[in-house]
Amino acid sequence: MKNPSVVIRLKALFRYWNKTKYIRSSGQLLILAIIVGFIGGIGAVVFHLALDWGKEAVLGDISSFADIKNHGFPTWLFFLIPAMGGLISGILVYSLAPETAGHGTDAMIDNFHNKGGMVRKRVPFIKAISSIFTISTGGSAGYEGPTAQIGSGFGSMVANITRIPLRMRRLI
């Protein structure tokens, strides 16, 4: 007999917990908060590590002024790098997940109030990749919005797996 996966075990556990009101209201929420916090934290760490790697690769090694002058590249090409990052990011966002456009916190708040906390599975990944392209090429953007949208996307995934009620979905 095969070992059931973690997802199958979580589904079974939450089906059982949904039968009892006390556990559903307190214990289940606590367990979900721990799971979402852990997964969101891992997502944020991976995002920041990839962002640091991207910044070092693009702005550190490739586009430093010393390298441009030593290799005979015109210095005005340096200013095209943010434009290329923005173009790649824009193509990703508008072709794969238009709801990832913008800050990230705006979309997270909109999902909470208007969409019942539902976030498509691809949103955290597209937001992370597009933000890495934007920020690592010198674009004007911050870390907080993408990190919040990545965490809320993973929270929505956990809520979908466990099939919790709308009220609890919004809490996590």
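Every value quoted in this text rests on a predicted model; they were computed, and no experiment measured them.

**Student:** Would you mind showing me how to read the overall build of the protein here?
**Tutor:** Within the protein one finds eight helices and zero strands. Reading the protein from its N terminus to its C terminus gives the helix and strand order α-α-α-α-α-α-α-α. For the protein, the residues scored as buried account for 34% of the 172 residues in total.

**Student:** Would you explain the packing of helix H6 (residues 123–136) against helix H7 (residues 144–162) in this entry?
**Tutor:** How two helices sit against one another is set out by the angle between their axes and by the gap between those axes. Interhelical geometry of H6 versus H7 gives an angle of 160° and a closest axis separation of 8 Å. Taken together, the axes of H6 and H7 lie roughly antiparallel to each other. Here the hand of the crossing between H6 and H7 comes out left-handed. Counting all contacts with H6, which are made through Val 123, Pro 124, Phe 125, Lys 127, Ala 128 and Ser 131, the residues of H7 involved are Pro 146, Gln 149, Ile 150, Gly 153, Phe 154 and Met 157. Class assignment of the residues belonging to the contact of H6 with H7 gives a composition of eight nonpolar, three polar and one charged.

**Student:** I'm lost on the confidence of the model for the protein in this one. Help?
**Tutor:** Interpretation of the predicted coordinates at a detailed level should be avoided for regions scoring low in pLDDT. On average, residues of the protein score 78 in pLDDT, and 80% of them reach the 70 mark or higher. Helix H4 (residues 80–96) holds the highest mean pLDDT among the elements of the protein, 89, whereas helix H3 (residues 65–70) holds the lowest, 56.

**Student:** It is not clear to me how unusual backbone geometry should be interpreted in this structure. Could you clarify?
**Tutor:** Apart from glycine, the bulk of residues carry a negative phi angle, and the bulk of peptide bonds sit in the trans form. Look at Arg 163: it is not a glycine, yet its phi comes out positive at around 55°. Within the secondary structure, Arg 163 sits in the loop between H7 and helix H8 (166–171).

**Student:** Looking at this structure, how should I read the environment of Phe 38?
**Tutor:** Inspection of the secondary structure assignment puts Phe 38 in helix H2 (residues 21–62). Overall, the relative accessible area of 57% leaves Phe 38 in the exposed class. Considering only alpha carbons, one finds Phe 38 and Phe 154, 116 residues apart in sequence, at a separation of 10.0 Å.

**Student:** Looking at this structure, how should I read the packing of helix H5 (residues 105–114) against H7?
**Tutor:** Where H5 meets H7, the axes come as close as 7 Å, and the angle between the chain directions of the two elements is 35°. The residues of H7 that touch H5, namely those facing Thr 105, Ala 107 and Met 108, are Gly 145, Ala 148, Gln 149 and Ser 152. For the contact of H5 with H7, a count of residues per class yields three nonpolar, four polar and no charged.

**Student:** What is the right way to look at the packing of aromatic side chains in this model?
**Tutor:** Two descriptors summarise a pair of aromatic rings, namely the distance from one centre to the other and the angle between the planes of the rings. One pass over the full model with this rule turns up one aromatic pair. Each ring, one from Phe 125 and one from Phe 154, has its centre 5.6 Å from the other, and the planes form 75°; the classification is edge-to-face. Here Phe 125, found in helix H6, pairs with Phe 154, found in helix H7; they are 29 residues apart in sequence, far enough to count as distant. The class for Phe 154 is buried, based on a relative accessible area of 13%.

**Student:** Got a minute to help me understand the pattern of salt bridges in this structure?
**Tutor:** Charged atoms that come close allow side chains of opposite charge to pair. Overall, the coordinates contain one salt bridge when judged by the stated rule. Notably, a salt bridge pairs Arg 120 with Glu 99, separated by 2.8 Å at the nearest N-O pair. In this pair, Arg 120 is assigned in the loop between H5 and H6 and Glu 99 in the loop between H4 and H5, connecting sequence segments 21 residues apart. Using a relative accessible area of 38% as the deciding quantity, one classes Arg 120 as partly exposed. Looking at Glu 99, the relative accessible area reads 27%, which means it is partly exposed.

**Student:** How should the environment of Ile 91 be read in this particular structure?
**Tutor:** Relative to the assigned elements, Ile 91 resides in helix H4. A relative accessible area of 53% means that Ile 91 is categorised as exposed. Sequence separation between Ile 91 and Ser 130 is 39 residues; the distance between their C-alpha atoms is 8.9 Å.

The rules behind the values
- Residues numbered from 1 in each chain as written.
- Predicted model: local features only at pLDDT ≥ 70, side-chain atom pairs only at ≥ 80, totals over all residues.
- Heavy atoms only, no water.
- Helix = DSSP H or I, 4+ residues; strand = E, 2+ residues; numbered from the N terminus.
- Buried < 20%, exposed > 50% of the residue type's maximum accessible area, 1.4 Å probe, protein only.
- Axes fitted to C-alpha atoms, helices over the stretch in contact; angles between N-to-C directions.
- Parallel < 35°, antiparallel > 145°, perpendicular 65-115°, else oblique.
- Left-handed = near helix turned anticlockwise from the far one by under 90°.
- Contact = heavy atoms within 4.5 Å.
- Nonpolar A, V, L, I, M, F, W, Y, C, P; charged D, E, K, R; others polar.
- pLDDT = per-residue confidence, 0-100.
- Phe/Tyr/Trp six-rings, centres within 6.5 Å; stacked < 30°, edge-to-face > 60°.
- Salt bridge = Lys/Arg side-chain N within 4 Å of Asp/Glu carboxyl O.

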